[in-house]
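The residues making up each chain are set out below.
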Amino acid sequence: MKILLALIIFSLIIVIHELGHFLLAKRGGIRVNEFSLGMGPRILSKQLGETRYSLKLLPFGGSCMMEGEDGTEYTHIPEDSFAAKSVWTRISVVAAGPVFNFILAFILSLIVIGSIGYDAPVVVALTEDFPAEEAGMLPGDRIVKMNNTRIHVYREVNMYVQMNQGKTVELTYERDGERHTVTLEPKQAENGMYYLGLRGSGIRMKGNILQTIGYSVYEVKYWVSTTIKSLGMLFGGRVGADDISGPVGIVNAIGDTYESSRADGAFYVWLNMLYISILLTANLGVMNLLPLPALDGGRLVFLILEAIRGRGIDPEKEGMVHFVGLMVLMALMVFVMFNDFRNILM
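This section reports on the structure supplied with the text. (Residues numbered from 1 in each chain as written. Predicted model: local features only at pLDDT ≥ 70, side-chain atom pairs only at ≥ 80, totals over all residues. Heavy atoms only, no water.)

### Quick look at unusual backbone geometry
A positive phi angle, close to 55°, is found at Asn 147, a residue other than glycine. One can find Asn 147 in the loop between strand E5 (142–146) and strand E6 (149–150). Residue Asn 147 is classed as partly exposed on the basis of its relative accessible area of 24%. Even without glycine at this site, Ala 294 takes up a positive phi of about 80°. Considering the arrangement of structural elements, one finds Ala 294 in the loop between helix H7 (266–288) and helix H8 (296–309). (Helix = DSSP H or I, 4+ residues; strand = E, 2+ residues; numbered from the N terminus. Buried < 20%, exposed > 50% of the residue type's maximum accessible area, 1.4 Å probe, protein only.)

Okay, structure coming up:
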């Protein structure tokens, strides 16, 4: 079951990503030779018009293969090729994949928050002898700001404390319509981590249509911000390779979530799968925008340079850069999958 659920989630996210490239390519008059889900040899294939739609053997990734992309030879009309279009058309096509991932995250957030509400940044309990209690905070206080960071959902409080271990926090909260500001010095617990002594998970509030839309935007913003900050921690050496999960680790996490929520009924299984999908599609959108070869972000770097310079980079050289980048990414995927298997077996 966990493998089936993972395939459904991965397929949805990948199809939406590639659909973004596909629709903007069609809009820009670019010929799309193949739209595929998966990698490797074709299992199913159907030619419709100028495009072949394929399902491939390996359930990872997908592609939207455009005429003349990455310096490949033309097989049809050169005027319909990716390379023949304006730089701004090509930028829109490349950026559309990640943008569609963020749109999917927003739509799924609308469903989740419209069903069960958002996790309000409201304090439900205080830990005795910790800074928040000593500063006079009470259950029911609504946290609105931590230093210069606006707080919209309670998970942002936990994330802020985790990302800023040991740092002084100027916290603004609201009580009975009035705002108060306190300065909190995190206290180290027995496990070595620093805490403010706040607990607030569990309270969910439902709002009107506009509030639901607004908090759906905050939901996407939270996962985008969390992904960026996590990458910062990885490159800064604050987390190690053992903390990275790939497809195998994600499948395992999906299975664990399914098992833990199955007792609550199909509705909560459905919501939890949607919630995981929000996390993954927002994560994919951010990762694809990284300025690395073979990723959409790397392609955008070349296109932005072309827009600035007024002329493009040699297509063969650019294609070689992306090919090398793809090989590096494949090697990284193998490492991550090995790491996943090792973590599961340990």
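Following the structure, the description resumes.
### Let's talk about the sheet that holds strand E7 (residues 169–175)
Taken in spatial order, the 4 strands make up an open sheet running E6-E5-E7-E8, and their pairing is antiparallel. With one partner strand each, in any of the chains shown, E6 and strand E8 (178–184) form the two edges of the open sheet. The pairing of E7 with E8 spans 7 bridges and is classified as antiparallel. For Glu 174, the partnering residue across the bridge sits in E8 and is Arg 179. Strand contacts of helix H4 (residues 154–163): E5, E6 and E7, with the helix running at about 40° to E5, the strand carrying the most contacts. (Pairing = 2+ DSSP bridges. Contact = heavy atoms within 4.5 Å. Axes fitted to C-alpha atoms, helices over the stretch in contact; angles between N-to-C directions.)

### Some thoughts on the side chain of Ser 261
Positionally, Ser 261 belongs in helix H6 (residues 247–262). Within the local environment of Ser 261, its side chain forms a polar contact with the backbone oxygen of Thr 257, the two atoms lying 2.7 Å apart. Excluding residues within four positions of it along the chain, Ser 261 makes contact with Tyr 268, Val 269 and Asn 272. (Polar contact = N/O pair within 3.5 Å; in protein donor to acceptor, adjacent residues only side chain to side chain.)

### Some thoughts on the pattern of salt bridges
Think of it this way: side chains of opposite charge can pair up when their charged atoms draw near. Scanning all chains against the criterion turns up 11 salt bridges. Across the pair Glu 306 and Arg 90 runs a salt bridge, and its minimum N-O distance is 2.6 Å. One end of the pair, Glu 306, is in helix H8; the other, Arg 90, is in helix H2 (residues 87–116), and 216 residues separate them in sequence. The same class applies to Glu 306 and to Arg 90, which are both buried. Put simply, Arg 262 and Glu 259 hold a salt bridge, and the shortest N to O gap is 3.2 Å. Placement of the pair is Arg 262 and Glu 259 together in helix H6, with a separation of 3 residues, close to one helical turn. Overall, Glu 259 belongs to the partly exposed group, its relative accessible area being 44%. If you follow the salt bridges from partner to partner, you end up with Lys 26, Arg 31 and Glu 50 in one network. (Salt bridge = Lys/Arg side-chain N within 4 Å of Asp/Glu carboxyl O.)

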